[in-house]
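Residue-level listing of the chains:
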Amino acid sequence: IVLDSNWRWTHKVGDYTNCYTGNSWDTSLCPDPTTCAANCALEGVDYAATYGITTSGSSLNIKFVTQGQYGTNIGSRVYLMQDDNNYQMFKLLNREFTFDVDVSNLPCGLNGALYFVEMMQDGGMSEYSGDKAGAKFGTGYCDAQCPHDMKFINGQANTIDWKPSPNDKNSGTGLYGTCCIEMDIWEANSKASAYTPHVCTVQTQTRCSGTQCGDGSNRYGGVCDKDGCDFNSYRMGDKSFFGQGQVVDTNKPFTVVTQFITNDGTDNGYLSEIRRIYVQDGKIIDNSRANFPNFRGYNSISDSFCNDQKTLFGDRNDFEAKGGLKALGAALQRGMVLVMSLWDDHEVYMLWLDSDYPVTSPPTTPGVARGPCSTSSGRPADVESQYPNSNVKFSNIKYGQIGSTFGH
């Protein structure tokens, strides 16, 4: 695995002067994006001591808060490597992907995520002359939120119009965002979970600016579907399926199977369904079914599920507008990079995953209740001080033909 470039110490080439301190750039080293990229280097990392990331056999453990020699680290994001200079590319159309996870130590407000994004295999190194670091140093991230907080995009520093975050002392946002198709296989804590495809009208990692990024009130005017089409058992009306002591018992580890089914059962078909199966204590557990009056009992994601869900919840169907499952299937055929992360949410406190959201709507409105957590939960200052030793463990990653990666 490799740590994302954004978490790394960024300093002047050849000495120890910071190019970036707290959430601001050094303007003498970084007067413009190209000069900054030439002047500044990304540092190698001590995974365990500084970032709280450890591996053992086929298991990865990501810790939430780590007190290191040089300061406090919050969460992290890592990628699976094929070799020293390339990310592993997964081509999962007409395949299944399986992993074990332990979310028992993740409280409300945290998200231990495992997902795929359409990054470039070498992190953009061959494409952008300014990127001298590449996948070896975790460059080239993108996702369907078109994040503006990446310090380097397309081999240039994101220094133009950089604004330090008002509520996150390590983060800020620049003029550019970085967009791509995203398949959220797993976003979860011990209280709630969701799996969510997001599609974009662009292929592979794409830098955006202005309206393309879909910022703020222009959310649906950008190149990516930021809402996605999510299946969260609690939000879909089954409040006793996933959680502590529930059908899928989050007090103990379990296996998560995700199947990317094509319309004709071959590698040449188009993506028509994303199925979910759990295995715990040797028992196969089918995904929960949607539980609303006059609503089909879906237990997987399909275009018809997405259309019916958006109608029921009164949400705009940006997923369909930007290409639906076929667009995701095409990306799964081209190849995507595996991301594993642990994070807290400075914008909306993870309420979209594990509480009532939007908080201005009655929780009885279909689609608002997403998990059992309080709407006052998930504030970063609270979770970072109260639950610093939270962690997520991912292990035993497998992929292969449909039905081949778990015991029947």
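Treat the numbers as computed from the prediction; the structure is a model and nothing was measured.

Things to note about the overall build of the protein chain
Looking only at helices and strands, the protein chain features 7 helices and 30 strands. Overall, the protein chain is about 65 × 45 × 45 Å in size when its C-alpha atoms are taken along their principal axes. Counting over 408 residues, the protein chain shows a buried share of 56%. Counting only contacts in the protein chain whose residues sit at least 6 apart along the sequence, the fraction spanning at least 24 positions is 72%. Of the roughly 16,500 Å² that the protein chain leaves accessible, carbon and sulfur atoms contribute 47%. Averaging the positions of the 32 positive and the 45 negative side-chain charges in the protein chain gives two centres separated by 2 Å.

Brief notes about the state of the cysteines
What the rule picks out here adds up to 8 disulfides. Two residues share a disulfide in this structure: cysteine 146 and cysteine 179, whose sulfurs sit 2.2 Å from each other. Residues cysteine 146 and cysteine 179 share a disulfide whose torsion about the S-S bond is about 125°; that sign makes it right-handed. You can see cysteine 146 sitting in the loop between strand 15 (110-117) and strand 16 (152-153) and its partner cysteine 179 sitting in strand 20 (residues 177-179), a full 33 residues away along the chain. The same class applies to cysteine 146 and to cysteine 179, which are both buried.

Comments concerning the pattern of salt bridges
Overall, the coordinates contain 10 salt bridges when judged by the stated rule. In this structure, arginine 95 engages aspartate 267 in a salt bridge whose closest nitrogen and oxygen atoms are separated by 3.0 Å. Of the two residues, arginine 95 is situated in strand 14 (residues 95-102) and aspartate 267 in the loop between strand 26 (254-262) and strand 27 (271-280); the sequence distance between them amounts to 172 residues. Arginine 95 gets classed as buried once you look at its relative accessible area, which sits at 18%. The exposure class of aspartate 267 is partly exposed, given its relative accessible area of 33%. A salt bridge links lysine 322 to aspartate 318; its shortest N-O distance comes to 2.8 Å. For lysine 322, a relative accessible area of 9% puts it in the buried group. Several salt bridges share partner residues, and in doing so they unite Asp230, Arg235 and Asp315 into one network.

A short note on the pairing of strand 21 (residues 182-188)
Counting buried positions along strand 21 gives 7 out of 7 residues, so the element sits mostly inside the fold. Pairing geometry for strand 15 and strand 21, over 6 bridges, is antiparallel. Bridging across to strand 21, leucine 114 finds its partner in tryptophan 186. Across 5 bridges, strand 21 lies against strand 22 (residues 193-198) in antiparallel orientation. When the bridges of strand 22 are listed, glutamate 187 appears paired with alanine 194. Connecting strand 21 to the antiparallel partner strand 22 that follows it, the hairpin turn spans 4 residues.

Some thoughts on the sheet that holds strand 27
Within the open sheet, the 7 strands sit side by side as 6-7-30-14-26-27-28. Their pairing is antiparallel. Since the sheet does not close on itself, it has two edges, and those belong to strand 6 (53-56) and strand 28 (283-286), each with one partner. Here the strands of the sheet are splayed against their neighbours by 25° on average, with no regard to which way each runs. Pairing analysis gives 8 bridges linking strand 26 to strand 27, with the strands arranged antiparallel.

Looking at the side chain of glutamate 96
One can find glutamate 96 in strand 14. Of the side chains with opposite charge, arginine 275 lies nearest to the buried glutamate 96, which makes no salt bridge, at 8.6 Å. Only 2.8 Å separates the side chain of glutamate 96 from the side chain of glutamine 259, close enough to count as a polar contact. Discounting chain neighbours no more than four positions away, the residues touching glutamate 96 are Val257, Thr258, Gln259, Lys398, Tyr399, Gly400, Gln401, Ile402, Gly403, Ser404, Thr405 and Phe406.

Thresholds applied
Residues numbered from 1 in each chain as written. Predicted model: local features only at pLDDT ≥ 70, side-chain atom pairs only at ≥ 80, totals over all residues. Heavy atoms only, no water. Helix = DSSP H or I, 4+ residues; strand = E, 2+ residues; numbered from the N terminus. Buried < 20%, exposed > 50% of the residue type's maximum accessible area, 1.4 Å probe, protein only. Contact = heavy atoms within 4.5 Å. Areas by Shrake-Rupley, 256 points an atom, 1.4 Å probe, with all protein chains shown as cover. Lys, Arg positive; Asp, Glu negative; His and termini not counted. Charge placed at Lys NZ, Arg CZ, Asp CG, Glu CD. Disulfide = S-S within 2.5 Å. Salt bridge = Lys/Arg side-chain N within 4 Å of Asp/Glu carboxyl O. Pairing = 2+ DSSP bridges. Axes fitted to C-alpha atoms, helices over the stretch in contact; angles between N-to-C directions. Polar contact = N/O pair within 3.5 Å; in protein donor to acceptor, adjacent residues only side chain to side chain.

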